[in-house]
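Each chain is listed here by its residues.
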Amino acid sequence: MTTFTAAQAVSRSGALDPAGLRIVIGAGGTGGHIYPGLAIADAILKRVPEAKISFTGTSRGLEGTLVPKFGYELATSSMIPFAASMGWRRFALPVYLLRAGIDCARRFRRDGVDLVIGMGGYPSSPAIVGAWLAGIPRLIHESNARSGKANQVAALLSDHIGIAFDHAQGQLPSLGKDVRRVGVPLMPAVVAMNRAGLRSEAVDSLGVSPDQRLVVVNGGSQGARSLTKAALELAALWRDRTDVMLLIKTGPADYQAAVQRIEELKASHGTRVVAYMDRMDLVYAAADVMVGRSGAATVAELAHIGLPAVLIPHPWAAGDHQRHNAEVLVECGGAVMMTDQELTGARLADELEVLLADPDRLERMSESMRSAEHSQAADSMAQWAIDLAQEYQASNTSRAAARH
């Protein structure tokens, strides 16, 4: 691992050398924290191709797969979830956090890190604590409408806070801090997507007939059993309909059982079951309505694309943040929401039949929710990060010159 010092970050002319930028992104646990971090990393490299960017997280979450897949180094630390700190664990949590933070501080000093970005979630906490201990600038991002415990702690140690929704500002200490609403950083493929331009290819690839509407039930990367159960009940209710195609993403665990159930219903002409969705751009382009959870990344993607939705917040999400995320789209008129406890095939049919029967309402929902803010978030965060890192380099260089 290459180390860049303050002296190496200055060219012979005395100007800052972009090749010296060293930025670490703390992100992990779920895709909702990791993908925005990856989007920021890509946006930084678009501006400063020579910059050195790495990630830090834990060995538990999706970061172990996703971060290396996108070509970035990942360092891990031992950290326990904030939500797990019940009983005796609440006394162990500060010990874990401090120990992991000290390890990060040592690594950051060794590697000449200029900035640490925290994306929220417990895997990012040691990185922020480590940067604070090492005196390195910290920039955090809160993707959810309601901030989690990790970012509430991180915000105490950070002067620079990016938020996706105004709702989050009330839960974060902001006095004397630079707080900016930037949106949720989206991956470049999502930003570049043209739903209208891709629609013809999308409906053909998914086998949607010209006279059919497409409803997608998306349970996320691992599936959601309550969503799959309700979708199968919906398939039974709609088994004789030919004007609607139902695409159900189950995740790997429930795939075989769901396929068998559709075969028993003899509803395969109008229902398709998949374990994964490799081309979400095609799914987004072809869908008329999306049914799913309301993680921050999903809400931001729906808003950017303008895809009407029925949102069912995860009932066990920390701080009930998925409900708050869903409310952002409900308030602007782009989605309807129901609780997981209310979710049944019959209730889903009631909501969807009203929407599908009113194309004008679907169009209004699409227009009311569409936002360009999220498509610009990665660029906004990237430029902010570069500015902070270069300011830190410059201050180090000034101090070094004064000593000589």
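Higher on the page you've got the structure.
What comes next is a walk through the structure. What you see is a predicted model; the values in this text were computed from it and never measured.

Rules used throughout
Residues numbered from 1 in each chain as written. Predicted model: local features only at pLDDT ≥ 70, side-chain atom pairs only at ≥ 80, totals over all residues. Heavy atoms only, no water. Helix = DSSP H or I, 4+ residues; strand = E, 2+ residues; numbered from the N terminus. Rg over C-alpha atoms; globule rule 2.2 N^0.38 Å. Buried < 20%, exposed > 50% of the residue type's maximum accessible area, 1.4 Å probe, protein only. Lys, Arg positive; Asp, Glu negative; His and termini not counted. Charge placed at Lys NZ, Arg CZ, Asp CG, Glu CD. Salt bridge = Lys/Arg side-chain N within 4 Å of Asp/Glu carboxyl O. Pairing = 2+ DSSP bridges. Axes fitted to C-alpha atoms, helices over the stretch in contact; angles between N-to-C directions. Left-handed = near helix turned anticlockwise from the far one by under 90°. Contact = heavy atoms within 4.5 Å. Nonpolar A, V, L, I, M, F, W, Y, C, P; charged D, E, K, R; others polar. Parallel < 35°, antiparallel > 145°, perpendicular 65-115°, else oblique. Polar contact = N/O pair within 3.5 Å; in protein donor to acceptor, adjacent residues only side chain to side chain. Core = buried A, V, L, I, M, F, W, Y, C linked by side-chain atoms within 4.5 Å.

1. Here we look at the overall build of the chain
Right, so step 1: What the chain contains, in helices and strands, is 15 helices and 13 strands.
Right, so step 2: Taking 404 residues into account, the globule formula puts the C-alpha radius of gyration at 22 Å, and the chain, at 23 Å, falls close to it.
Right, so step 3: Counting only C-alpha atoms and orienting by the principal axes, one finds that the chain spans roughly 85 × 50 × 35 Å.
Right, so step 4: Considering the chain as a whole, with its 404 residues, one finds that 53% of them fall into the buried category.
Right, so step 5: For the chain, the separation between the mean place of its 40 positive charges and that of its 41 negative charges on side chains is 8 Å.

2. Things to note about the pattern of salt bridges
Right, so step 1: Enumeration over the complete set of coordinates arrives at 22 salt bridges.
Right, so step 2: Residue Asp-288 is joined to Arg-199 by a salt bridge in which the shortest nitrogen-to-oxygen separation is 3.2 Å. With Asp-288 in the loop between helix H10 (280-286) and strand S11 (289-292) and Arg-199 in helix H7 (residues 195-206), this pair connects stretches of sequence that are 89 residues apart.
Right, so step 3: Across the salt bridge formed by Arg-370 and Glu-367, the nearest N and O atoms sit 2.8 Å from each other.
Right, so step 4: What makes Arg-370 partly exposed here is its relative accessible area of 38%.
Right, so step 5: Judged by relative accessible area, which is 46%, Glu-367 ranks as partly exposed.

3. A short note on the sheet that holds strand S13 (residues 335-337)
Right, so step 1: What the six strands build is an open sheet, ordered S10-S9-S8-S11-S12-S13; its pairing is parallel. Strands with a single pairing partner mark the edges of an open sheet, and in this sheet they are strand S10 (271-274) and S13. Each adjacent strand pair in this sheet contributes to an overall mean axis angle of 15°, direction not counted.
Right, so step 2: In the sheet, strand S12 (residues 309-311) pairs with S13 via three bridges, with the strands oriented parallel. Looking at S13, one finds that Leu-311 is bridged to Met-337.

4. Considerations on the packing of helix H1 (residues 31-47) against helix H15 (residues 373-403)
Right, so step 1: Across the interface, H1 lies against H15 with an axial gap of 8 Å and an inter-helix angle of 65°. Judged by the twist between their axes, the crossing of H1 over H15 is right-handed. Across the interface between the two elements, Ala-39, Ile-40, Ala-43, Ile-44, Lys-46 and Arg-47 of H1 pack against Ala-378, Asp-379, Met-381, Ala-382, Gln-383, Ala-385 and Ile-386 of H15.
Right, so step 2: Of the residues belonging to the contact of H1 with H15, the class tally is nine nonpolar, one polar and three charged.

5. Some thoughts on the packing of helix H8 (residues 225-237) against helix H9 (residues 255-265)
Right, so step 1: Viewed as axis vectors pointing N to C, H8 and H9 meet at an angle of 15°, and their least axial separation amounts to 10 Å. With respect to H9, the element H8 is oriented roughly parallel. As H8 runs across H9, the sense of the crossing is right-handed. On H9, the residues touching Thr-228, Leu-232, Ala-235 and Ala-236 of H8 are Ala-258, Arg-261, Ile-262 and Leu-265.
Right, so step 2: Each residue belonging to the contact of H8 with H9 can be placed in one class, and the counts come to six nonpolar, one polar and one charged.

6. A look at the sheet that holds strand S3 (residues 73-76)
Sheets are built from strands that pair by backbone hydrogen bonding, the pairs being arranged parallel or antiparallel.
Right, so step 1: Here seven strands make up an open sheet; going across it, the order is S3-S2-S1-S4-S5-S6-S7 and the pairing parallel. Of all strands in the sheet, those with a lone pairing partner are S3 and strand S7 (178-181), marking the two edges. For this sheet, the mean inter-axis angle between neighbouring strands, taken without regard to orientation, is 20°.
Right, so step 2: For strand S4 (residues 115-118) and strand S5 (residues 138-142), the ladder comprises three bridges, and the chain directions are parallel. Pairing of Gly-118 across the sheet is with Ile-140, part of S5.
Right, so step 3: In this fold H1 packs onto strand S1 (22-26), strand S2 (52-57) and S4, with an angle of close to 170° to the strand it touches most, S2.
Right, so step 4: Most of the contacts of helix H5 (residues 149-156) go to S5, to which it runs at about 150°, and overall it touches S5 and strand S6 (160-163).

7. Topic: the side chain of Lys-177
Right, so step 1: Following the sequence through the fold, Lys-177 ends up in the loop between S6 and S7.
Right, so step 2: A distance of 3.0 Å separates a polar side-chain atom of Lys-177 from the backbone oxygen of Ala-155.
Right, so step 3: Here Lys-177 is in contact with Ala-155, Leu-156, Ser-158, Asp-159 and Ile-161, once residues within four sequence places are set aside.

8. A word on the nonpolar core
Right, so step 1: In terms of nonpolar packing, the biggest core is built from 38 residues, with Leu-214, Val-216, Met-290, Leu-302 and Leu-329 touching the most fellow members.
Right, so step 2: Looking at this core, the elements with two or more residues in it are H7, strand S8 (213-218), strand S9 (244-249), H10, helix H11 (296-305), S12 and helix H12 (321-332).
Right, so step 3: Those residues within four positions of Leu-214 in sequence are excluded, and the remaining contacts are Leu-206, Val-208, Met-245, Leu-247, Ala-286, Ala-287, Asp-288 and Val-289.

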